[in-house]
Every structure is written in structure tokens, then in C-alpha cells.
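# Structural description and commentary
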Amino acid sequence: MVLERHGLVVDVVPEKREEYLRLHAAVWPQVEATLQACNVHNYTIFVLENTLFAYYEYTGADHAADMARIAQDPVTREWWTHTDPCQTPFGRGAGPGETWRDMREVWHLE
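One structure accompanies this document, and this report is about it. Since we're looking at a predicted model, the values are computed, not measured. Per chain, residue numbering runs from 1 following the sequence as it is written. Local features in this predicted model are restricted to residues whose pLDDT is 70 or higher, and side-chain atom pairs enter the listing and the counts only when it is 80 or higher, whereas totals over whole chains, interfaces and linings include all residues. To obtain the side-chain values, all non-hydrogen atoms of the structure were included, while hydrogens and water were left out.

### Things to note about the pattern of salt bridges
Note the threshold: We define a salt bridge as a side-chain nitrogen of Lys or Arg found within 4 Å of a carboxyl oxygen belonging to Asp or Glu. Working definition: with a 1.4 Å probe on protein chains only, accessible area under 20% of the residue-type maximum means buried, over 50% means exposed, and in between means partly exposed.
The tally for this structure, following the rule as stated, stands at five salt bridges. A salt bridge links Glu19 to Lys16; its shortest N-O distance comes to 3.9 Å. Residue classification places Glu19 among the partly exposed residues on the basis of a relative accessible area of 30%. Classification of Lys16 by relative accessible area gives partly exposed; the value is 28%. A salt bridge links Arg101 to Glu98; its shortest N-O distance comes to 3.7 Å.

Put into C-alpha cells, the structure is as follows:
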């Protein structure tokens, strides 16, 4: 098993910031269970002003397949109907429909 570290960034819609924070104060248990079942651990979201930074560790063998499993989960999809409207792409290089953007790891201290 190889541990993968993932960092992502997105902006929050300013007028929906408090809603987003409220939602994440009580993440639905099934959403958390699906993430764990798909080998996602130590998932953390940080906020600074209107920017969100997410970090998680992946311990599975096929990241793309596990991300697809998460995206197929009906409860997670419902969760996203609440959280997605709170998000807007970060930076100038965002593509159409891109919200959370993957960051490239440049340094790590163990």
C-alpha cells in the first residue's frame, strides 16, 4: 500500500460561506462512511477568508476508481447538491465546470 497525499483548493461563494461552514459542522455520516470505504482518510478542509483548502490521504490501489465510486453514491450526490452551490473555482486557470482544483505537492516533511 502506498499512501498518496492530495491537496485541493476552491473558493467559497462569499454569501454562502456561512452555509458551507454550517454544513461541514455536521457532515452526514453516510458521506463520511463512503469516503472511508473508498480509502480516503485524514480528510481535512481549512478555510482562509473565502478560500477552502482540502487535504486527504488515499490508501487504496486505484484512486480514479474510488473517486468514481464516491461520485456514484446517492447520499454523497445529494450532499453535493447542498455544498456545490457554495463553491466557485479558484484562480484564473480553472476550466469549465471545474471547482475543486488539484494542487501539486512540492515538498513534504515526515
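### Brief notes about unusual backbone geometry
Put simply, the test is: Only DSSP runs of H or I reaching four residues or more are called helices, and only runs of E reaching two or more are called strands; each is numbered from the N terminus.
Despite not being glycine, Asn42 has its phi angle at roughly 50°, a positive value. Positionally, Asn42 belongs in strand β2 (residues 40-48).

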